[in-house]
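Next come the chains, spelled out residue by residue.
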Amino acid sequence: MRIIVVDNDKTFTTSLSQRCQKASVFCQVIGAAATAFAEIKKNPDQVDIVLIAKELGAGQDGLQVAQMLRKDPKTADVPYVLMSSTWGKPEFAKHQKTEFGANAYYSKKSSMTELESTIEAVTGFKFTAAPAAKSGSTGNTGLLNIKLEAASDVVNIAEDVPNDISMSEPIALFDEASPPAPAAPKAAAPPPPSPAPAPAAAAAAVV
């Protein structure tokens with residue numbers, strides 16, 4: 001998930017960037033209108049959504065960025081949210097009817113949670129992380145509980161390794177039965193008993 005934010009409000013962009021980081025979202029903040037448009041135009045297919053502040057300051061107007069996005073065939077389909085700290089619903093509704101209308105609108109007087117909900121509605125991405133799979137479940141888990149969570153074209157791999165596992169010791173990967181222990185050597189059979197000596201011949205009778 002990649003978001004490009006066109007805004008000069010450092011307090012706002014810092015707060016948004018921190019929330020995006022927690023959700024494993026790549027958030028790129030660009031303050032200059034021309035620079036932002038050039039960045040979007042490089043690879044528009046890799047930009048999931050653009051957040052444009054109407055009030056950019058320094059003689060700039062976010063509406064110019066919105067117009068450039070919609071006029072250029074290469075970026076015309078990139079979704080964007082128009083943000084404003086001065087406009088309200090009447091101004092947003094009027095702007096949406098123009099050929100440069102945004103996919104959604106956000107008042108900066110609203111909460112960050114509201115902005116997240118707006119982004120979710122446009123992109124389908126969920127900022128709220130799914131609950132971790134329980135031990136022993138057959139979810140999206142591999143060896144050593146490696147979880148794969150796809151976010152757009154980026155795959156984030158998080159390893160949850162129990163602290164009591166020593167990585168210096170081999171870990172059994174399959175439930176194989178232990179080989180049987182070797183049988184103890186059999187004791188040698190005792191030698192057969194010696195035959196009893198033959199009885200002595202009877203003495204000759206004396207006549």
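Draft legend 1. The arrangement of the overall build of the chain in detail. Secondary structure summary: the chain contains five helices and nine strands in total. If you list the helices and strands of the chain from N to C, you get β-α-β-α-β-β-β-α-β-α-β-α-β-β. Summarising the internal contacts of the chain: among those between residues at least 6 apart in sequence, 58% fall at separations of at least 24. Taken as a whole, the chain presents about 14,300 Å² of accessible surface, with 56% of it coming from carbon and sulfur.

Draft legend 2. View of the packing of helix 2 (residues 33-42) against helix 3 (residues 62-71). Packing of helix 2 against helix 3 brings their axes to within 9 Å, and their N-to-C directions diverge by 25°. Judged by the angle between their axes, helix 2 and helix 3 are roughly parallel. Seen from above, helix 2 lies across helix 3 with right-handed handedness. On helix 3, the residues that touch Ala33, Phe37 and Ile40 of helix 2 are Val65, Met68 and Leu69. Taken together, the residues that form the contact of helix 2 with helix 3 break down as six nonpolar, no polar and no charged.

Draft legend 3. Quick peek at helix 1 (residues 10-22). Here helix 1 contains 13 residues, and its C-alpha end-to-end distance of 18 Å stays within 8% of the 18 Å for a straight helix at 1.5 Å per residue. Taken as a whole, helix 1 has its buried residues at Phe12, Thr13, Leu16 and Cys20. Summarising the axial view, the buried residues of helix 1 lie within an arc of 90°, below the 170-degree limit, and thus occupy one face. Structural note: helix 1 exposes Lys10, Thr11, Gln21 and Lys22 on the side pointing more than 90 degrees away from its buried face. Buried residues in helix 1 make contact with strand 1 (2-6), strand 2 (26-30), strand 3 (49-53), strand 6 (80-84), strand 7 (104-107) and helix 5 (112-123).

Draft legend 4. View of the pattern of salt bridges. One pass over the full model with this rule turns up six salt bridges. The partner of Lys108 in a salt bridge is Asp7, with the nearest N and O atoms 2.5 Å apart. Taken as a pair, Lys108 in the loop between strand 7 and helix 5 and Asp7 in the loop between strand 1 and helix 1 lie far apart in primary sequence, 101 residues in all. You can call Lys108 buried: its relative accessible area is 18%. Between Lys108 and Asp9 there is a salt bridge, and its shortest N-O distance comes to 3.9 Å. Of the two residues, Lys108 is situated in the loop between strand 7 and helix 5 and Asp9 in the loop between strand 1 and helix 1; the sequence distance between them amounts to 99 residues.

Draft legend 5. Up close: the nonpolar core. Judged by nonpolar contacts, the single largest core of 43 residues is most densely connected at Ile3, Leu16, Leu51, Ile52, Met83 and Leu115. Counting residues per element, this core draws most heavily on strand 3, which supplies five residues. Residues in contact with Leu115, not counting those within four places in the same chain, are Phe12, Leu16, Leu51, Met83 and Tyr106.

Draft legend 6. Here's a closer look at the pairing of strand 3. In terms of residue burial, strand 3 counts as a mostly covered element, since five of its five residues are buried. Burial of strand 3 is two-sided: the residues Ile49, Leu51 and Ala53 facing one way and the residues Val50 and Ile52 facing the other way are all buried. Pairing of strand 3 with strand 6, which is carried by four bridges, proceeds in the parallel orientation. Within strand 6, the residue paired with Ile52 across the bridge is Leu82.

Draft legend 7. Fine view of the packing of aromatic side chains. This model, assessed by the stated rule, comprises four aromatic pairs. Each ring, one from Phe12 and one from Tyr106, has its centre 6.5 Å from the other, and the planes form 35°; the classification is tilted. Taken together, the positions of Phe12 in helix 1 and Tyr106 in strand 7 put the pair 94 residues apart, joining distant regions of the chain. An identical accessibility class is assigned to Phe12 and Tyr106; each is buried.

Cut-offs and rules
- Residues numbered from 1 in each chain as written.
- Predicted model: local features only at pLDDT ≥ 70, side-chain atom pairs only at ≥ 80, totals over all residues.
- Heavy atoms only, no water.
- Helix = DSSP H or I, 4+ residues; strand = E, 2+ residues; numbered from the N terminus.
- Contact = heavy atoms within 4.5 Å.
- Areas by Shrake-Rupley, 256 points an atom, 1.4 Å probe, with all protein chains shown as cover.
- Axes fitted to C-alpha atoms, helices over the stretch in contact; angles between N-to-C directions.
- Parallel < 35°, antiparallel > 145°, perpendicular 65-115°, else oblique.
- Left-handed = near helix turned anticlockwise from the far one by under 90°.
- Nonpolar A, V, L, I, M, F, W, Y, C, P; charged D, E, K, R; others polar.
- Expected span 1.5 Å × (residues − 1).
- Buried < 20%, exposed > 50% of the residue type's maximum accessible area, 1.4 Å probe, protein only.
- Arc of directions from axis to C-beta.
- Salt bridge = Lys/Arg side-chain N within 4 Å of Asp/Glu carboxyl O.
- Core = buried A, V, L, I, M, F, W, Y, C linked by side-chain atoms within 4.5 Å.
- Pairing = 2+ DSSP bridges.
- Phe/Tyr/Trp six-rings, centres within 6.5 Å; stacked < 30°, edge-to-face > 60°.

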